[in-house]
Number of protein chains: 2
Amino acid sequence: MNIHELIGELKEANPTKIVLLVADGVGGLPLEPGGKTELETARTPNLDRCARDGVCGLSIPVLPGITPGSGPGHLGLFGYDPLQYRIGRGILEALGINFQVGSKDVAVRGNFCTLDAGGKITDRRAGRPTTERCVAMVEKMRSIRIPGVELFVEPVKEHRFVVVFRGEGLGDAVNDTDPQTTGVAPLTAKGADTASAKTAEVVNKFVAEAGKVLAGDAPTNGVTLRGFAKYPKIGTMQEVYGLKSAALAIYPMYKGLARLVGMDVLDAGTTLKDQVTLLKKVWSQYDFFFLHYKYTDSTGEDGNFPGKVDMIEKLDAAIPGILELKPDVFIVTGDHSTPSKMRSHSWHPVPTLIRAEMARTDAVTEFNESACLSGGLGQFQAMHLMLLAMAHAGRLGKYGA
Amino acid sequence: MNIHELIGELKEANPTKIVLLVADGVGGLPLEPGGKTELETARTPNLDRCARDGVCGLSIPVLPGITPGSGPGHLGLFGYDPLQYRIGRGILEALGINFQVGSKDVAVRGNFCTLDAGGKITDRRAGRPTTERCVAMVEKMRSIRIPGVELFVEPVKEHRFVVVFRGEGLGDAVNDTDPQTTGVAPLTAKGADTASAKTAEVVNKFVAEAGKVLAGDAPTNGVTLRGFAKYPKIGTMQEVYGLKSAALAIYPMYKGLARLVGMDVLDAGTTLKDQVTLLKKVWSQYDFFFLHYKYTDSTGEDGNFPGKVDMIEKLDAAIPGILELKPDVFIVTGDHSTPSKMRSHSWHPVPTLIRAEMARTDAVTEFNESACLSGGLGQFQAMHLMLLAMAHAGRLGKYGA
């Protein structure tokens, strides 16, 4: 029996409220051996009080040593096995630009590339064009028409764009046309099954038409496509947990991931303060609230240790506003670590706390990597966090008599 | 390869003795944040000495956040994946009253209900009759005869009873007849396959006959049935581990669970002292001894914190009597937590110790929730405990060359 079937049997409704605050990439590393991490450096009196009142531990996003992207990182936190539920790159790119993907869509990530006179790739990123140029080139491709499908071309950034093919019976088992090297032509799309062959035919027509409309636009005179993907079949938070769920996120990617699991995606403004204000406003309307805080990740990605410390302290300052609402279960965690030292996502386990009346408190009095190591939650798989959230909310009945 | 297949390859016989002492529901919670749990409050010099001499940790009965009933809780401790081996309610109810279920039996839990003149349920628990009345009503139903099957009707308590249908080719994929609401008639039984259709036919006849014999006995003039279940196919402790196993339990449910995995269920008397006396008597006859202690759970269920503390101390006092026998492996754990604060089973991990010569001892010197957090066993799934028991007993060979 898988976990969602188990929850299906055990879930119970009640009026409790659960808040999941995701500080993206919150886990870190010391810059020097023996030093302090970003969380250990930051002054976090409010998070520390929650750690003291609740139970702490470390979340392993996927498996030990596995560094997740935002997709698997968040799916795990929402209780969806990130090794079972895979979200194709095309879908993630579409979610990231807030494109509302539907069930008849195949989405794919596109790159502008430079083609020589023989049609061979000389630069896989077309000399990294400006985003303005990207927008202009996309505009040209929007004139392309292919019978039988609806076509959406959307700019992302620099050489990156998204194409969505909308039509009946399109499959997504289509190879990337990006050969991942130069000196060769882009690959022809082929489908691995009948539905995907139909997609491949459309794709090859699209690439040929793009070649025509971009012919005079070197270095952005060609395109490659990779990560053909349909919208995955995935139960909603309402279906899986019986939780009416709201997402209070600012960035499109996280809104998209929340929409993927059926949360209501609210217009949460542009700051953490906006998010907390909205949380208060809609408090009575939902059971579950996903708050996403981006800046612990982006400062980490920038390699900006003091900046990340500062963003952690700003997050800490917002905690009392959330606690005023008296959530029955308040969880603080991250979707992965983003150590400033590494300037990237990492596999390191993520400090996590659960504050709830029935939490078995431990000796942890600070919210950081080393303190959480001795916490009562131990080290656990992120995909089990929602089981703990539901249990502490009194929303899971007994398994077996 | 599943765990039992692995053990099948690796198990080795030797003359070691393993004692598994299950203090039912032993884990707890402080009544107030920052306070002590029942185990932390109790004076337990003998358990503490075992913790100091051995290795400690915390057992997760099923998965994080999942609260098990006694069935899954014990199956896990016996090393049977509680998500794979599911025991139907009917079987558990039958085990709970010490009814010896066989392979041709379908067992089901029955409730007396009150029917109005139109055959609709007005009270799903028949006004909670006394157990004496339950016994009298069951006696009436024992007169029912149905051709082709043997019928057993057994009282449980108040409105609850058990029916066992014994016959060739009976399936258990039969819906509950309890509609879980009032104002409607009990449901007709239907079978999802041929064998279960045969059961359903018998069940409907039984219900009709019960209606006749109870017709004048309002408010106990009807019955509903739920949890049709056959005896699960499950390897015995002898088959899985090569362990000749004895159960020294007092309550029927735990005797039944032990019988389910093929243990010899001994007549262990009525007190812990009786159990230890019997343990000494049969010491030479078995490899594995399951001792069950109920009162840490029942006091927890009653919300009786000082009572649970007292029962823990009484258990502690029995430890020297067990250690006199010099078991090679001595394990103390629980099937789940039952915090007095919650008056119910819970999901919280369960303090566990293993005392054995080859245990890698840790710094733990007390047997309780917070001390076990830093133990050498870490937090582990209950279904892995028997692997540790077998290993510490020198009964598991090397896996692979």
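Computed from a predicted structure; not experimentally measured.

(A) Summary view of the sheet that holds strand E11 (residues 329–333) of chain A. Residue and element names in this part refer to chain A. As summarised here, the arrangement of the eight strands in space is E9-E8-E10-E1-E11-E12-E2-E13, forming an open sheet in which the pairing is mixed. Each edge of the open sheet is held by one strand with a lone partner, namely strand E9 (264–265) and strand E13 (378–381). Taken strand by strand, helix H10 (residues 272–282) contacts strand E8 (245–248) and strand E10 (288–293), and its axis lies near 175° from that of E10.

(B) Region of the structure containing the sheet that holds strand E9 (residues 264–265) of chain B. Residue and element names in this part refer to chain B. Ordered in space as E9-E8-E10-E1-E11-E12-E2-E13, the eight strands form an open sheet in which the pairing is mixed. Each edge of the open sheet carries a strand with a single partner, namely E9 and strand E13 (378–381). Where strand E1 (residues 18–23) meets strand E10 (residues 288–293), six bridges bridge the pair, whose relative direction is parallel. The residue bridging Leu21 from the neighbouring strand is Leu291, located in E10.

(C) Fine view of the packing of helix H3 (residues 45–53) of chain B against helix H12 (residues 305–323) of chain B. Residues and elements named next belong to chain B. Across the interface, H3 lies against H12 with an axial gap of 7 Å and an inter-helix angle of 55°. Taken together, the axes of H3 and H12 lie oblique to each other. When H3 is examined against H12, the residues Pro45, Asn46, Leu47 and Cys50 are found in contact with a partner set consisting of Asp316, Ala317, Ile319, Pro320 and Leu323. Counted by class, the contact of H3 with H12 contains seven nonpolar, one polar and one charged residues.

(D) Structural context of empty space enclosed by the protein. All names here are of chain B. Evaluated as defined, the whole model comprises one cavity of 30 Å³ or more. Taken together, Ile250, Tyr251, Leu272, Gln275, His292, Tyr293, Lys294 and Tyr295 form the lining of the largest cavity. Elements represented by at least two residues in the lining of the largest cavity include exactly helix H10 (272–282) and E10. Taken together, the residues of the lining of the largest cavity sort by class into five nonpolar, two polar and one charged.

(E) Local environment of the pattern of salt bridges. All names here are of chain A. Applying the stated criterion to the full structure yields 36 salt bridges over all chains. We note a salt bridge from Asp217 to Lys140, for which the minimum N-O separation is 2.7 Å. Taken together, the residues span a long stretch of sequence, with Asp217 in the loop between helix H7 (194–213) and strand E7 (222–230) and Lys140 in helix H6 (residues 131–141) at a distance of 77 residues. You can call Asp217 buried: its relative accessible area is 13%. We classify Lys140 as partly exposed; its relative accessible area is 35%. One salt bridge connects Lys294 with Asp297, and the closest N-O pair in it is separated by 3.2 Å. Of the two residues, Lys294 and Asp297, neither departs from the other in class, the shared state being buried.

(F) Representation of the relation of the copies chain B and chain A within the structure. Taken as rigid bodies, chain B and chain A are interconverted by a rotation of 125° and an axial shift of 0.1 Å, the fit giving an RMSD of 0.2 Å. Each copy turns onto its partner about a three-fold axis. Identified as the residue of chain B closest to the rotation axis by C-alpha distance is B:Ser374, at 3.9 Å.

(G) Just the nonpolar core, in detail. In this structure, A:Tyr80, A:Met237, A:Met263, A:Phe288, A:Phe290, A:Ile354 and B:Ile66 are the most contacted members of the largest nonpolar core, which totals 66 residues. In terms of residues, this core owes the most to one element, helix H14 (residues 385–392) of chain A, which gives seven residues. Setting aside residues no more than four positions away along its own chain, A:Phe290 makes contact with A:Leu20, A:Val22, A:His74, A:Phe78, A:Ala246, A:Ala247, A:Leu248, A:Tyr254, A:Ala258 and A:Met263. One finds B:Phe99, B:Val164, B:Phe288 and B:Ala359 within the second-largest nonpolar core, a separate group that totals 52 residues.

(H) Just the environment of A:Ala173, in detail. Checked against the element boundaries, A:Ala173 lands in the loop between strand E6 (160–166) and H7. With 54 residues separating them in the primary sequence, A:Ala173 and A:Gly227 have C-alpha atoms 9.5 Å apart.

(I) Main features of the interface of chain B and chain A. With 31 residues of chain B at the interface, the matching set in chain A holds 27 residues. Each partner contributes to the roughly 2300 Å² buried at the junction of chain B and chain A, and carbon and sulfur atoms together form 63% of this total. Linking chain B to chain A there are two salt bridges. With a closest N to O distance of 3.9 Å, B:Lys341 and A:Glu357 form a salt bridge. Taken together, the connections running from chain B to chain A amount to 11 residue pairs in polar contact (both at pLDDT 80 or more). Counting residues per element, the side of chain B that touches chain A draws most heavily on helix H4 (residues 70–77) of chain B, which supplies three residues. Looking at the side of chain B that touches chain A residue by residue, the classes come out as 16 nonpolar, 12 polar and three charged.

(J) Representation of a nonpolar patch on the surface within the structure. On the surface, a nonpolar cluster with roughly 260 Å² of combined accessible area is contributed by A:Leu63, A:Ile66 and A:Leu83. By the element assignment, A:Ile66 lies in the loop between strand E2 (55–60) and helix H4 (70–77).

(K) Representation of the side chain of A:Arg226 within the structure. Mapped onto the secondary structure, A:Arg226 falls in strand E7. Not counting residues within four places of it along the chain, the set of residues in contact with A:Arg226 comprises A:Arg89, A:Val108, A:Arg109, A:Asn111, A:Asp176, A:Asp178 and A:Gln180.

(L) How the structure looks around the packing of H4(B) against helix H9 (residues 252–260) of chain B. Residue and element names in this part refer to chain B. Packing of H4 against H9 brings their axes to within 10 Å, and their N-to-C directions diverge by 45°. Between H4 and H9, the interaxial angle falls into the category oblique. Crossing angle aside, the handedness with which H4 passes H9 is right-handed. On H9, the residues touching Ser70, Gly71, His74 and Leu75 of H4 are Met253, Tyr254, Leu257 and Leu260. Broken down by class, the residue content of the contact of H4 with H9 amounts to five nonpolar, three polar and no charged.

(M) Representation of the packing of aromatic side chains. All names here are of chain A. All told, the structure shown has 18 aromatic pairs over all chains when counted by the stated rule. Taking the centre distance of 5.8 Å and the plane angle of 90° together, the rings of Phe165 and Phe206 count as edge-to-face. Of this pair, Phe165 sits in strand E6 while Phe206 sits in helix H7, and the two are 41 residues apart along the sequence. In this structure, Phe165 and Phe206 share a single accessibility class: buried.

(N) Broad picture of unusual backbone geometry. Geometrically, the link from A:Ala218 to A:Pro219 is a cis peptide bond, its omega value of 10° lying close to zero. With respect to the secondary-structure elements, A:Pro219 resides in the loop between H7 and E7. The phi dihedral of A:Glu158 falls on the positive side, at around 50°, and the residue is not glycine. Examined against the element boundaries, A:Glu158 turns out to sit in the loop between strand E5 (150–157) and E6. A relative accessible area of 25% means that A:Glu158 is categorised as partly exposed. The phi dihedral of B:Arg343 is positive, around 55°, even though this residue is not glycine. With respect to the helices, strands and loops of the structure, B:Arg343 is situated in the loop between strand E11 (329–333) and strand E12 (350–356). Given a relative accessible area of 51%, B:Arg343 falls into the exposed group.

Reading the values: the criteria
Residues numbered from 1 in each chain as written. Chains lettered and ligands numbered in written order. Predicted model: local features only at pLDDT ≥ 70, side-chain atom pairs only at ≥ 80, totals over all residues. Heavy atoms only, no water. Pairing = 2+ DSSP bridges. Helix = DSSP H or I, 4+ residues; strand = E, 2+ residues; numbered from the N terminus. Contact = heavy atoms within 4.5 Å. Axes fitted to C-alpha atoms, helices over the stretch in contact; angles between N-to-C directions. Parallel < 35°, antiparallel > 145°, perpendicular 65-115°, else oblique. Nonpolar A, V, L, I, M, F, W, Y, C, P; charged D, E, K, R; others polar. 1 Å grid on protein atoms, 1.4 Å probe; cavity = no way out; pocket = protein on both sides within 12 Å on 5 of 7 lines; lining within 4 Å. Points joined across faces, edges and corners; volume = space filled by probe spheres on them. Salt bridge = Lys/Arg side-chain N within 4 Å of Asp/Glu carboxyl O. Buried < 20%, exposed > 50% of the residue type's maximum accessible area, 1.4 Å probe, protein only. Least-squares fit on C-alpha atoms with pLDDT ≥ 70 in both. Core = buried A, V, L, I, M, F, W, Y, C linked by side-chain atoms within 4.5 Å. Buried area = accessible area lost by both parts, 1.4 Å probe. Polar contact = N/O pair within 3.5 Å; in protein donor to acceptor, adjacent residues only side chain to side chain. Patch = residues over 30% accessible without salt bridge, like charges linked within 9 Å, V, L, I, M, F, W, Y side chains within 5 Å. Areas by Shrake-Rupley, 256 points an atom, 1.4 Å probe, with all protein chains shown as cover. Left-handed = near helix turned anticlockwise from the far one by under 90°. Phe/Tyr/Trp six-rings, centres within 6.5 Å; stacked < 30°, edge-to-face > 60°.

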